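Listed here are the chains, written in short residue letters.
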Amino acid sequence: MSGETGGYDVGTREYVRGFRRNSNPCWLRAVQVLRARKAIDLSGAFSMVDLGCGSGFQLIATAAAHPRARFVGVDISPDHVVAARALAAAAEIRNVTFVEASFDEIAARPELVGEVDVAVAHGIWTWVSAEVQRALVQVLRGTLRTGGLLYLGYNAMPAWASGAPLRKLVHLLAAGRRGESREAAVSEALETLKFMRESKAGIAASDGALGELIERLDGRPMGYLAHELLPSAGGGAWHVDVCDALEAARLTYVGAAGLMDNFDQLIFPDAIAERIAAAEASGLAETLRDFALSRSFRMDVFARGSLRLDGPATGAAIEALPVAVASGDWWDGPLALTPWGRISLDEDLAAAAVAVMREGPRRLGEAAAAMAARGVDRRLAGQTLTVLLAAERLMPVLTLEPEPEAVAACRRFNAAVLESGIVWPALASAVAGGGIEASRSARQALEGLGPVEE
């Protein structure tokens with residue numbers, strides 16, 4: 001069966017099992033620090049809601065790592081809610097609940113969620129109608145506490161405009177079809193445009209952005225493609241329009257959950273960085289960044305009120321951030337690729353950072369001091385580690401000393417995931433504050449079981 005609610009298709013097969021490490025509360029806290037804001041306190045009984053939680057994997061992993069906090073997952077799909085509850089029960093994670101409801105229903109009865117400190121809405125905004133967007137804003141207005149944070153992941157204009165021809169063809173081919181045959185329209189549309197591109201015919205061949213999109217989507221799981229292309233209300237959104245809409249919930253933009261996107265001096269040539277800096281006062285800086293980077297997806301962090309930090313306080317907060325190796329091969333290759341070239345580190349500095357961080361998670365300032373003890377200038381060591389954090393070769397973590405209850409809960413969760421027979425994209429870590437995508441050796445270090453092995 002196929003059906004839509006507010007433009008969102010709720011009848012397609014299960015959405016691909018993704019993992020969004022950038023929506024972890026620890027990452028949102030790091031965004032606040034890197035953007036010179038006072039960080040949220042994650043040490044105690046905070047609360048979090050995932051609006052559109054799917055099967056609940058990531059929310060349950062996060063709940064396991066924060067046994068004193070409260071978590072709520074909301075999804076309109078009964079199948080998703082049943083699956084989420086089953087996984088939480090199998091792992092004996094009791095500080096997370098799941099609600100089957102629309103945003104309209106939550107807006108009318110905010111007590112179903114209660115007041116929260118962190119809200120996550122990934123893959124929702126640009127897949128639903130304007131009416132559902134307004135309902136989502138009402139939910140945030142009625143549930144997110146003053147000082148709270150919102151993570152919002154959505155397709156971004158102007159780059160997503162290249163997807164309009166593909167979406168139109170999918171909808172024309174899907175018209176009148178039901179069930180699996182609607183999904184077949186996605187494959188047919190992609191095959192048709194691939195044929196046109198290979199035949200050097202028309203827009204499929206001449207529009208480079210459309211061609212790149214076709215190549216990027218080719219071979220992706222049908223759950224993802226159906227979610228991306230079948231909803232009638234799908235498309236892309238301008239950052240400035242999203243900001244305007246969220247003003248009704250008294251939310252203002254803080255920064256990008258993709259950490260590198262907060263460092264213009266690393267990404268852009270000086271002339272472009274200066275032009276973007278000049279646009280900050282008008283509120284158009286993020287729009288110019290989207291133009292300059294052809295960014296088709298945004299991961300934005302908003303706050304319902306936040307305190308700004310001065311330079312010394314920001315520096316101290318950055319050095320206090322606990323960090324860990326993000327993957328087993330984190331030191332290989334350039335840190336990032338931009339339209340203007342590669343972002344790379346000096347090999348000696350990279351080697352010093354590798355030697356220090358292979359010893360296990362530590363606070364960024366402590367890692368800088370350890371590099372200084374190896375002969376690296378202390379200030380340069382701190383800058384190097386901050387760049388590695390921006391490039392997500394290091395990742396922000398919750399703590400260096402996890403609570404025993406959190407460690408036990410994460411182990412129960414991981415056991416339940418492994419026993420389920422389902423291949424999930426991550427496991428839970430009490431140190432990381434939720435799920436981690438990492439090598440076996442990095443997971444071993446994050447769980448406090450010893451140094452990362454070669």
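Whatever comes next refers back to the structure up there.
Residues numbered from 1 in each chain as written. Predicted model: local features only at pLDDT ≥ 70, side-chain atom pairs only at ≥ 80, totals over all residues. Heavy atoms only, no water.

(A) Summary view of the layout of surface pockets. As a volume, the second largest pocket reaches approximately 390 Å³. Surrounding the second largest pocket, 18 residues form its lining, His239, Cys243, Tyr253, Glu280 and Gly283 being those nearest its centre. Those elements that place two or more of their residues in the lining of the second largest pocket are α11 (239-246), β8 (252-256) and α14 (285-293). It is α11 that contributes the most residues to the lining of the second largest pocket, four residues altogether. Tallied by class, the residues present in the lining of the second largest pocket amount to seven nonpolar, three polar and eight charged. (1 Å grid on protein atoms, 1.4 Å probe; cavity = no way out; pocket = protein on both sides within 12 Å on 5 of 7 lines; lining within 4 Å. Points joined across faces, edges and corners; volume = space filled by probe spheres on them. Helix = DSSP H or I, 4+ residues; strand = E, 2+ residues; numbered from the N terminus. Nonpolar A, V, L, I, M, F, W, Y, C, P; charged D, E, K, R; others polar.)

(B) Expanded view of the packing of aromatic side chains. Evaluation of the coordinates by the stated rule reveals five aromatic pairs. With 5.7 Å between their ring centres and 35 degrees between their planes, Trp238 and Phe291 make a pair best called tilted. With a gap of 53 residues between them, Trp238 in the loop between α10 (222-229) and α11 and Phe291 in helix α14 connect regions that are remote in the sequence. Between Phe268 and Trp340 the ring centres are 5.5 Å apart and the planes differ by 65 degrees, which places this aromatic pair in the edge-to-face class. Taken together, the residues span a long stretch of sequence, with Phe268 in the loop between α12 (264-267) and α13 (270-278) and Trp340 in the loop between β11 (336-338) and β12 (341-343) at a distance of 72 residues. (Phe/Tyr/Trp six-rings, centres within 6.5 Å; stacked < 30°, edge-to-face > 60°.)

(C) Focus on unusual backbone geometry. Following Met157, the chain continues into Pro158 via a peptide bond in cis, with omega recorded as 10 degrees. Residue placement: Pro158 occurs in the loop between β7 (144-155) and α6 (164-174). Although it is not a glycine, Ala36 sits at a positive phi angle of roughly 60 degrees. Relative to the elements of secondary structure, Ala36 occurs in the loop between α1 (25-34) and β3 (47-51). Phi at Lys200 is positive, roughly 55 degrees, even though this residue is not glycine. Overall, the relative accessible area of 72% leaves Lys200 in the exposed class. (Buried < 20%, exposed > 50% of the residue type's maximum accessible area, 1.4 Å probe, protein only.)

(D) Fine view of the packing of helix α17 (residues 364-373) against helix α18 (residues 378-390). At a minimum axis separation of 8 Å, α17 and α18 run at an interaxial angle of 130 degrees. Considering their axes alone, α17 and α18 lie oblique with respect to each other. Two packed elements cross with a definite hand, and for α17 against α18 that hand is right-handed. On α18, the residues touching Leu364, Gly365, Ala367, Ala368, Ala369, Met371 and Ala372 of α17 are Arg378, Ala381, Gly382, Thr384, Leu385, Thr386 and Leu389. (Axes fitted to C-alpha atoms, helices over the stretch in contact; angles between N-to-C directions. Parallel < 35°, antiparallel > 145°, perpendicular 65-115°, else oblique. Left-handed = near helix turned anticlockwise from the far one by under 90°. Contact = heavy atoms within 4.5 Å.)

(E) Layout of the pattern of salt bridges. One pass over the structure, following the stated rule, counts 23 salt bridges. Taking the shortest distance from any N to any O, the salt bridge between Arg295 and Asp261 comes out at 3.1 Å. Of this pair, Arg295 sits in the loop between α14 and β9 (297-303) while Asp261 sits in the loop between β8 and α12; the two residues are 34 residues apart in sequence, bridging distant segments of the chain. Relative accessible area serves as the criterion here: at 24%, Asp261 is assigned to the partly exposed category. Ionic pairing is found between Arg295 and Glu286, a salt bridge with its closest N-O pair at 3.4 Å. Accessibility assignment for this pair places Arg295 and Glu286 in one class, buried. (Salt bridge = Lys/Arg side-chain N within 4 Å of Asp/Glu carboxyl O.)

(F) How the structure looks around the sheet that holds strand β13 (residues 362-363). Spatially, the three strands line up as an open sheet ordered β13-β10-β14, and their pairing is antiparallel. Of all strands in the sheet, those bounded by a partner on one side alone are β13 and β14 (394-396). Pairing analysis gives two bridges linking strand β10 (residues 322-325) to β13, with the strands arranged antiparallel. Within the sheet, the bridge partner assigned to Val323 lies in β13 and is Arg362. Along the sheet, helix α16 (residues 347-357) contacts β10, β13 and β14; its crossing angle with β10, the most-contacted strand, is approximately 100 degrees. (Pairing = 2+ DSSP bridges.)

(G) Region of interest: the environment of Ala352. Within the secondary structure, Ala352 sits in helix α16. Given a relative accessible area of 10%, Ala352 falls into the buried group. Between the alpha carbons of Ala352 and Val387 there is a distance of 14 Å; along the sequence they are 35 residues apart. Sequence-distant contacts of Ala352, defined by excluding residues within four places in its chain, comprise Met371 and Val376.

(H) Summary view of the nonpolar core. Formed by 93 residues in total, the largest nonpolar core has its most connected members in Val96, Phe98, Leu385 and Phe413. Setting aside residues up to four positions removed in sequence, Val96 forms contacts with Leu59, Ile60, Ala63, Phe71 and Ala88. Core analysis: the second largest hydrophobic core is formed by 34 residues, Val49, Leu150, Tyr253 and Phe302 among them. (Core = buried A, V, L, I, M, F, W, Y, C linked by side-chain atoms within 4.5 Å.)

(I) How the structure looks around empty space enclosed by the protein. If you walk through the whole model with that rule in mind, you get five cavities of 30 Å³ or more. The volume enclosed by the largest cavity comes to roughly 50 Å³. Lining the largest cavity, in full, are Arg21, Asn24, Trp27, Met395, Pro396, Ala432, Gly435, Ile436 and Glu437. Where the lining of the largest cavity is concerned, the elements lending two or more residues are β14 and β16 (434-436). In the lining of the largest cavity, the residues fall into five nonpolar, two polar and two charged.

(J) Fine view of the side chain of Asp300. By secondary structure assignment, the location of Asp300 is in strand β9. A distance of 2.6 Å separates polar atoms of two side chains, one belonging to Asp300 and the other to Tyr154. Within the structure, the side chain of Asp300 is placed 2.9 Å from the side chain of Arg298, a separation counted as a polar contact. Filtering out sequence-adjacent residues up to four positions away, Asp300 remains in contact with Leu150, Tyr151, Leu152, Tyr154, His239, Tyr253 and Gly255. (Polar contact = N/O pair within 3.5 Å; in protein donor to acceptor, adjacent residues only side chain to side chain.)

(K) Up close: the pairing of β9. Counting buried positions over the seven residues of β9 gives five, a clear majority of the element. The pairing of β8 with β9 spans four bridges and is classified as antiparallel. Directly across from Gly255, in β9, lies its bridge partner Val301.

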